[in-house]
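# Structural characterization, general
So the chains spell out like this:
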Amino acid sequence: GTILMGLNPLEPIVAFIALVNSIKGYGYGLKGWELGKACAKEDIVNGLKSSIKSMAKIPNNIKSAGYWLATLTIGSMKLLKMNEIVQMLFSGSKGVVIGTRLYRLSKLILLTTVCFTLKDAADRNRLEGTTFIELNYLLSFTFATMAAYIYKASNSITILTGAIAFFSASSAFNGISSTMKKNAKSA
């Protein structure tokens, strides 16, 4: 971002620190990592290994399978967007255009993380937690918007549009059913 758009040269450093702290926060808060003598590099490597193992194992319930498919779908879109950005860098595209693609990539990265977090919660039967309920509603809205955008841009219903609409509906259903279960427990 710095070279391409003329921003503050400290921005990539700040962004990297925020990324590391986000990963560590996820690990300590959701994965049960413990504080102790550790290296950020080791934490990141171990976190990546754990995430890869989680994605490689067969989902143990239907909700987990839905989030697994959503994570793979959005992850694939993220990789395609990365490829597009690399091609643009080598073709000499304008910095502003590359910047818009980087912004879109950042949204896909965040969306992949949300899908994976919900997959992990589904694996552990923890979808009734307030955070996961809210993430389900957010994911449902985001997927519905994304499906409508893809439909409008392509002027047809594609496999991708259908898959994303399905992810929207299943996230909404999971949010509603988790809310009902949570309310039944507290009643």
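Calculation rules
- Residues numbered from 1 in each chain as written.
- Predicted model: local features only at pLDDT ≥ 70, side-chain atom pairs only at ≥ 80, totals over all residues.
- Heavy atoms only, no water.
- Axes fitted to C-alpha atoms, helices over the stretch in contact; angles between N-to-C directions.
- Helix = DSSP H or I, 4+ residues; strand = E, 2+ residues; numbered from the N terminus.
- Parallel < 35°, antiparallel > 145°, perpendicular 65-115°, else oblique.
- Left-handed = near helix turned anticlockwise from the far one by under 90°.
- Nonpolar A, V, L, I, M, F, W, Y, C, P; charged D, E, K, R; others polar.
- Expected span 1.5 Å × (residues − 1).
- Core = buried A, V, L, I, M, F, W, Y, C linked by side-chain atoms within 4.5 Å.
- Buried < 20%, exposed > 50% of the residue type's maximum accessible area, 1.4 Å probe, protein only.
- pLDDT = per-residue confidence, 0-100.
- Patch = residues over 30% accessible without salt bridge, like charges linked within 9 Å, V, L, I, M, F, W, Y side chains within 5 Å.
- Areas by Shrake-Rupley, 256 points an atom, 1.4 Å probe, with all protein chains shown as cover.
- Salt bridge = Lys/Arg side-chain N within 4 Å of Asp/Glu carboxyl O.
- Phe/Tyr/Trp six-rings, centres within 6.5 Å; stacked < 30°, edge-to-face > 60°.

## Considering the packing of helix α6 (residues 130–154) against helix α7 (residues 159–186)
One way to put it is that α6 packs onto α7 with a least axis distance of 8 Å and a crossing angle of 155 degrees. With respect to α7, the axis of α6 lies roughly antiparallel. In the packing of α6 onto α7, the handedness of the crossing is left-handed. Of the residues in the contact of α6 with α7, the class split is 15 nonpolar, 10 polar and 1 charged.

## Topic: helix α5 (residues 95–123)
The end-to-end C-alpha distance of α5 is 41 Å, a good match for the 42 Å that 29 residues give at a rise of 1.5 Å each. After α5 finishes, the residue Asn125 shows a positive phi value of roughly 55 degrees.

## Remarks on the nonpolar core
Within the largest apolar cluster, 21 residues are counted, with the highest numbers of intra-cluster contacts made by Ile74, Leu118, Leu127, Leu139, Phe143, Met146 and Ile164. For this core, the secondary structure elements donating two or more residues are α4 (62–91), α5, α6 and α7.

## Thoughts on the confidence of the model for the protein
Per-residue confidence for the protein gives a mean pLDDT of 85, with 89% of residues at or over 70. The secondary structure element of the protein with the lowest average pLDDT is helix α1 (residues 2–5), at 46, and the one with the highest is α7, at 94.

## Focus: α6
Here α6 spans 36 Å end to end across 25 residues, near enough to the 36 Å set by a 1.5 Å rise per residue. Taken together, the buried positions of α6 are Phe132, Ile133, Leu135, Asn136, Leu139, Ser140, Phe143, Met146, Ala147 and Ile150. One or two residues past the end of α6 sits Asn155, with phi positive at roughly 55 degrees.

## Some remarks on a nonpolar patch on the surface
On the surface, Ile13, Phe16, Ile17 and Leu19 cluster together into a nonpolar patch covering about 400 Å² of accessible area. Ile13 sits in the partly exposed class, given a relative accessible area of 48%.

## Digging into unusual backbone geometry
At Asn125, a residue that is not glycine, the phi angle is positive and equals roughly 55 degrees. Following the sequence through the fold, Asn125 ends up in the loop between α5 and α6. Owing to a relative accessible area of 59%, Asn125 belongs among the exposed residues under this scheme. Of note, Asn155 is a non-glycine position whose phi angle comes to about 55 degrees, a positive value. We classify Asn155 as exposed; its relative accessible area is 64%.

## Remarks on the pattern of salt bridges
A full pass over the atoms with the stated rule returns 5 salt bridges. Here Lys81 makes a salt bridge to Glu84, at a shortest N to O gap of 3.0 Å. In this pair, Lys81 and Glu84 are both assigned in helix α4, 3 residues apart and thus about one turn of the helix distant. For Glu84, a relative accessible area of 26% puts it in the partly exposed group. Notably, a salt bridge pairs Lys119 with Asp123, separated by 2.5 Å at the nearest N-O pair. With a gap of 4 residues between them, Lys119 and Asp123 both fall in helix α5, about one helical turn apart. An identical accessibility class is assigned to Lys119 and Asp123; each is buried. Because the salt bridges share partners, they merge into one network encompassing Lys81, Glu84 and Arg101.

## Some points on the packing of aromatic side chains
According to the stated counting rule, one finds 2 aromatic pairs in the structure shown. When the ring of Phe143 is compared with that of Phe167, the centres are 5.6 Å apart and the planes differ by 50 degrees; the resulting orientation is tilted. Linking Phe143 in helix α6 with Phe167 in helix α7, this pair joins segments that are 24 residues apart in sequence. Note on accessibility: Phe143 and Phe167 belong to one class, buried. Within the aromatic cluster, the residues linked to one another by ring pairs are Phe143, Phe166 and Phe167.

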